[in-house]
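Take a look at the letters that make up each chain.
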Amino acid sequence: MRKTANTAVPVHPLLSERWSPRGFDLHHQVSDGDVTALLEAARWAASAGNSQPWRFVVTRRGERAHGQLFDALHPGNQEWAGAAGALILVAAEIAGADGTPRPWALYDTGQAVASLTTQAQAHGLATHQIGGFDSAAVRDAFGLDDTLTPVVVVAVGRADPDAVLPERLAGRETAPRTRRPVSDLLLTPVEASELVAA
């Protein structure tokens with residue numbers, strides 16, 4: 001299913017066609033090659049001082065670690081995320097080895113995840129970023145120390161428009177994508193003639 005964004009001006013299809021489904025193909029396996037490509041794309045994201053503060057725990061359906069990560073998801077996310085071929089825990093290293101704080105670590109980690117999701121789109125994979133999870137549980141399950149802050153869990157797999165979802169979620173799969181207009185996102189006034197209405 002395509003849900004191409006209605007953009008004010010043309011943007012690359014990898015961006016305009018990316019969306020976050022909850023319906024995943026329960027039989028699809030995320031390949032080693034796909035995982036490597038996603039992590040390689042994340043590796044080359046920009047970061048402050050080339051610090052590369054992002055860290056990943058990659059789990060695939062059927063693995064013990066996948067079950068541990070799945071168990072840490074909030075119940076509403078457990079209703080659908082288990083069908084994704086992989087769940088990836090993303091953490092930010094908020095301090096260096098010498099204890100020096102990395103104030104931009106969360107921002108940089110977000111850029112790495114953006115690169116990962118764009119690469120997934122290029123591979124014909126869908127992603128859904130999940131903020132609803134138990135941080136303490138993932139810290140315990142994967143031995144994360146205080147220098148690492150769990151940021152997000154990314155579900156990765158092949159979208160399935162025929163996946164069975166709870167009724168309250170099923171409608172979201174076919175609902176049009178919406179965003180606020182660019183003018184709402186600007187903190188300083190811009191002449192209307194400078195923007196194309198979104």
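This write-up is about the structure you can find in this document. (Residues numbered from 1 in each chain as written. Predicted model: local features only at pLDDT ≥ 70, side-chain atom pairs only at ≥ 80, totals over all residues. Heavy atoms only, no water.)

What follows concerns the pattern of salt bridges. This model, assessed by the stated rule, comprises six salt bridges. As a salt-bridge pair, glutamate 40 and arginine 43 come within 2.7 Å of each other at their nearest N and O atoms. Highlighted residues: glutamate 40 and arginine 43, both in helix α2 (residues 32-43), separated by three residues, approximately one helical turn. On the basis of relative accessibility, which here comes to 41%, the residue arginine 43 falls in the partly exposed class. One salt bridge connects arginine 180 with aspartate 184, and the closest N-O pair in it is separated by 3.8 Å. A residue is classified by how much of its surface remains accessible, and arginine 180, at 58% relative accessible area, is exposed. Looking at aspartate 184, the relative accessible area reads 42%, which means it is partly exposed. (Salt bridge = Lys/Arg side-chain N within 4 Å of Asp/Glu carboxyl O. Helix = DSSP H or I, 4+ residues; strand = E, 2+ residues; numbered from the N terminus. Buried < 20%, exposed > 50% of the residue type's maximum accessible area, 1.4 Å probe, protein only.)

Of note, histidine 123 is situated in the loop between α5 (105-122) and β3 (126-130). By relative accessible area, histidine 123 is classed as partly exposed at 35%. For the pair histidine 123 and valine 58, spaced 65 residues apart in sequence, the C-alpha separation works out to 17 Å. Contacts of histidine 123, omitting those with residues within four sequence positions, involve Asp34 and Ala37. (Contact = heavy atoms within 4.5 Å.)

Another aspect to go through is the packing of α2 against α5. Contact geometry of α2 with α5 gives a least axis separation of 7 Å together with a crossing angle of 140 degrees. Judged by the angle between their axes, α2 and α5 are oblique. Remark: the crossing between α2 and α5 carries right-handed chirality. Across the interface between the two elements, Ala37, Leu38, Ala41 and Ala42 of α2 pack against Ala112, Ser115, Leu116, Gln119 and Ala120 of α5. Its residues assigned to classes, the contact of α2 with α5 shows seven nonpolar, two polar and no charged. (Axes fitted to C-alpha atoms, helices over the stretch in contact; angles between N-to-C directions. Parallel < 35°, antiparallel > 145°, perpendicular 65-115°, else oblique. Left-handed = near helix turned anticlockwise from the far one by under 90°. Nonpolar A, V, L, I, M, F, W, Y, C, P; charged D, E, K, R; others polar.)

Another point: unusual backbone geometry. The phi angle at asparagine 50 is positive, at roughly 55 degrees, despite the residue not being glycine. If you trace the backbone, asparagine 50 turns up in the loop between α2 and β1 (54-60). Positive phi, normally seen in glycine, also occurs at glutamine 52, with a value near 45 degrees. Positionally, glutamine 52 belongs in the loop between α2 and β1.

This paragraph deals with the layout of surface pockets. Estimated volume of the largest pocket: approximately 520 Å³. Every residue lining the largest pocket is counted, 21 residues in all, and those nearest its centre are Ala5, Asn6, Thr7, Arg177 and Arg179. Among the secondary structure elements, those contributing two or more residues to the lining of the largest pocket are α1 (13-16), α5 and α8 (182-185). Split by residue class, the lining of the largest pocket holds 11 nonpolar, six polar and four charged. (1 Å grid on protein atoms, 1.4 Å probe; cavity = no way out; pocket = protein on both sides within 12 Å on 5 of 7 lines; lining within 4 Å. Points joined across faces, edges and corners; volume = space filled by probe spheres on them.)

Our next topic: the side chain of glutamate 93. Here glutamate 93 shows up in strand β2 (residues 86-93). If sequence neighbours within four positions are ignored, glutamate 93 has contacts with Pro53, Arg55, Arg102, Ala105, Thr147 and Leu148.

It helps to recall that an α-helix has 3.6 residues per turn; residues three or four apart then point in one direction. You can read the cap of helix α6 (residues 135-142) off the contacts: a side-chain oxygen lies 3.0 Å from the backbone nitrogen of alanine 136, and it is on aspartate 134. Just past α6, the residue glycine 143 takes up positive phi, approximately 65 degrees. (Polar contact = N/O pair within 3.5 Å; in protein donor to acceptor, adjacent residues only side chain to side chain.)

This brings us to α2. Along its 12 residues, α2 runs 16 Å from first to last C-alpha, staying within 8% of the 16 Å computed at 1.5 Å per residue. When we look at burial in α2, the residues that qualify are Asp34, Val35, Ala37, Leu38, Ala41 and Ala42. Down the axis of α2, the buried set is contained in an arc of 165 degrees. They therefore lie on one face. Looking at the buried side of α2, the elements it contacts are β1, α5 and β4 (148-157). (Expected span 1.5 Å × (residues − 1). Arc of directions from axis to C-beta.)

Backbone-to-backbone hydrogen bonds join strands into a sheet, with any given pair of strands oriented parallel or antiparallel. Here four strands make up an open sheet; going across it, the order is β1-β2-β4-β3 and the pairing antiparallel. For this open sheet the edge positions go to β1 and β3, each flanked by a neighbour on one side alone. Across the sheet, the axes of successive neighbouring strands diverge by a mean angle of 25 degrees, strand direction being ignored. Here β2 runs beside β4; their pairing, made up of eight bridges, is antiparallel. Looking at β4, one finds that glutamate 93 is bridged to leucine 148. Sitting on the sheet, α5 touches β1, β2, β3 and β4, and the angle it makes with β2 is about 155 degrees. (Pairing = 2+ DSSP bridges.)

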